[in-house]
Amino acid sequence: MTAPDAALNGLRRERPEWEPWLLVIDEILREAGNPAWESAVPASAPAQRTAVPLLAGTTLTLEADLVRRLFERLIRTASRAGTPKMSSLKAALHSDLEWAPLFTASLCQDVDRINEIAAVSGADAAALHAVIALLPVPFLHACNRRWASSISASWVEGYCPVCGSWPAFAEVRGIERNRYFRCCRCGGEWHSRALYCPYCAMSDHDELVALVPEKGGANAVIDACQRCLGYVKTFTRLQGCSPGTVMLEDLASVELDVAAIEHGFARSPGPGFALEITVTDKGRRGLFAWK
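It should be emphasised that the depicted structure is a prediction, and the values quoted were computed from it without experimental measurement. (Residues numbered from 1 in each chain as written. Predicted model: local features only at pLDDT ≥ 70, side-chain atom pairs only at ≥ 80, totals over all residues. Heavy atoms only, no water.)

As for the nonpolar core
Here is step 1: Formed by 75 residues in total, the largest nonpolar core has its most connected members in L55, F71 and F139.
Here is step 2: When residues of this core are assigned to their parent elements, the largest contribution, eight residues, is made by helix α3 (residues 64-79).
Here is step 3: Here L55 is in contact with L60, L107, F139, L140, C143, W147, V162, C163, L275 and I277, once residues within four sequence places are set aside.
Here is step 4: Membership of the second largest hydrophobic core comes to 13 residues, among which are F169, A224, Y231 and L256. (Core = buried A, V, L, I, M, F, W, Y, C linked by side-chain atoms within 4.5 Å. Buried < 20%, exposed > 50% of the residue type's maximum accessible area, 1.4 Å probe, protein only. Helix = DSSP H or I, 4+ residues; strand = E, 2+ residues; numbered from the N terminus. Contact = heavy atoms within 4.5 Å.)

So, in structure tokens, the structure goes:
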């Protein structure tokens, strides 16, 4: 059994009420291992510029059918949840959606564009956001597999050096207690300073606080910033989790998210860096680009 399978089974035992959504997560994580997505990743990573993720400014050529098939599977799986909002997703299956713009909006976390797509499709906007947010995950995992060795050793930004997303959580590892941020979208990791807010770069220890939950002990804490009111969940462990389990670890620690919100803290919305990516459809002429 793989680490993601074990983590997913653990969540199913602990949170049986989540089963409809866990089926969607299972679908996307299995697709993340599909080698077909490798063909959309540029063969060589660009030289990393200061504070610029590797994916920023790239032009991608994507098989529209690959995106369409994944989107339809996710929609069908999610719509079985039985709730009115999730059931409304079926309407998106009958919409004349352009796959390159849809994928670009998801990849760049373009909330306004996704809202426009939801309005046209007739699906509930919040439900469609949840599904569309997963759409680029297999491609991003392929990027991380190919480009992880190209990440600059001097990278010190709070957002992912591959895809520009904010961290899902941090890991303090081993005897050396080195700190790493983990990306929920591409599964990647990057080194972080010990006292540092990824959202506003605050490093003044007087402005940074640690919230320790009553359950879970000191191995899981909430590192929060009193200036920007952002937070990051932090886990102390011997070694980092696999890329395929980052999303599941994030879900499994939802109690920490609830505690942080109750104390007035929040994750920063949207991307950490605007990617400005161009996506072209391999199967037709035409260019689609959203920034």
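Concerning helix α8 (residues 125-132)
Here is step 1: Buried within α8 we find A127, L128, V131 and I132. Buried residues of α8, viewed axially, fall in a sector of 125 degrees; they line one side.
Here is step 2: Where the residues of α8 are buried, they touch α2 (19-31), α3, α4 (84-87), α5 (90-93), α6 (99-107) and α7 (111-121).
Here is step 3: Among the residues of α8, the N-terminal cap falls to D124, whose side-chain oxygen and the backbone nitrogen of A126 are separated by 3.1 Å. (Arc of directions from axis to C-beta. Polar contact = N/O pair within 3.5 Å; in protein donor to acceptor, adjacent residues only side chain to side chain.)

Quick notes on the sheet that holds strand β6 (residues 220-225)
In sheet architecture, strand pairing relies on hydrogen bonds along the backbone and comes in two forms, parallel and antiparallel.
Here is step 1: With respect to topology, six strands assemble into an open sheet ordered β4-β3-β2-β7-β6-β5, the strand pairing being mixed. The sheet is open, and its two borders are formed by β4 (189-192) and β5 (208-211), each paired with just one other strand. Neighbour-to-neighbour, the strand axes of the sheet open up by a mean angle of 30 degrees, direction not taken into account.
Here is step 2: Note that strand β2 (residues 167-173) and strand β3 (residues 178-183) share six bridges and pair antiparallel. Of the residues in β3, the one forming a bridge with R173 is N178. (Pairing = 2+ DSSP bridges. Axes fitted to C-alpha atoms, helices over the stretch in contact; angles between N-to-C directions.)

Some remarks on the environment of S154
Here is step 1: Secondary-structure assignment places S154 in the loop between α9 (137-147) and β2.
Here is step 2: The class for S154 is exposed, based on a relative accessible area of 57%.
Here is step 3: Sequence separation between S154 and W190 is 36 residues, and the spatial gap between their C-alpha atoms is 9.9 Å.
Here is step 4: A polar atom in the side chain of S154 sits 2.8 Å from the side chain of S152.

Quick look at the packing of α7 against α8
Here is step 1: For the pair α7 and α8, the least separation of the axes is 9 Å and the interaxial angle reads 120 degrees. Taken together, the axes of α7 and α8 lie oblique to each other. For the pair α7 and α8, the sense of crossing is right-handed. Contacts between α7 and α8 pair V111, I114, N115, I117, A118 and S121 from the former with A125, L128, H129 and I132 from the latter.
Here is step 2: Considering only residue class, the contact of α7 with α8 consists of seven nonpolar, three polar and no charged. (Parallel < 35°, antiparallel > 145°, perpendicular 65-115°, else oblique. Left-handed = near helix turned anticlockwise from the far one by under 90°. Nonpolar A, V, L, I, M, F, W, Y, C, P; charged D, E, K, R; others polar.)

Remarks on α9
Each α-helix turn comprises 3.6 residues. Residues three or four places apart therefore point the same way.
Here is step 1: Of all the 11 residues making up α9, nine are buried; the element is thus mostly covered by neighbouring parts of the structure.
Here is step 2: Three or more residues of α9 are buried, namely V137, P138, F139, L140, H141, A142, C143, N144 and W147.

A closer look at the pattern of salt bridges
Here is step 1: Scanning the model with the defined rule gives 24 salt bridges in all.
Here is step 2: Residues R15 and E255 are paired through a salt bridge, measuring 2.5 Å at the closest nitrogen-oxygen approach. Here E255 lies in helix α11 (residues 254-262) and R15 lies in the loop between α1 (3-14) and α2, a separation of 240 residues in the sequence.
Here is step 3: Look at E255 and you get partly exposed, because its relative accessible area is 45%.
Here is step 4: For the salt bridge of D250 with K233, the shortest nitrogen-to-oxygen distance reads 2.6 Å. Placement of D250 in helix α10 (residues 246-252) and of K233 in strand β7 (residues 231-237) is noted, with a sequence separation of 17 residues between them. The same class applies to D250 as to K233, namely buried.
Here is step 5: A network of salt bridges, in which partner residues are shared, links E171, R173, R182, E189, R237 and E249. (Salt bridge = Lys/Arg side-chain N within 4 Å of Asp/Glu carboxyl O.)

Interpretation in functional terms is not warranted from these geometric data alone.
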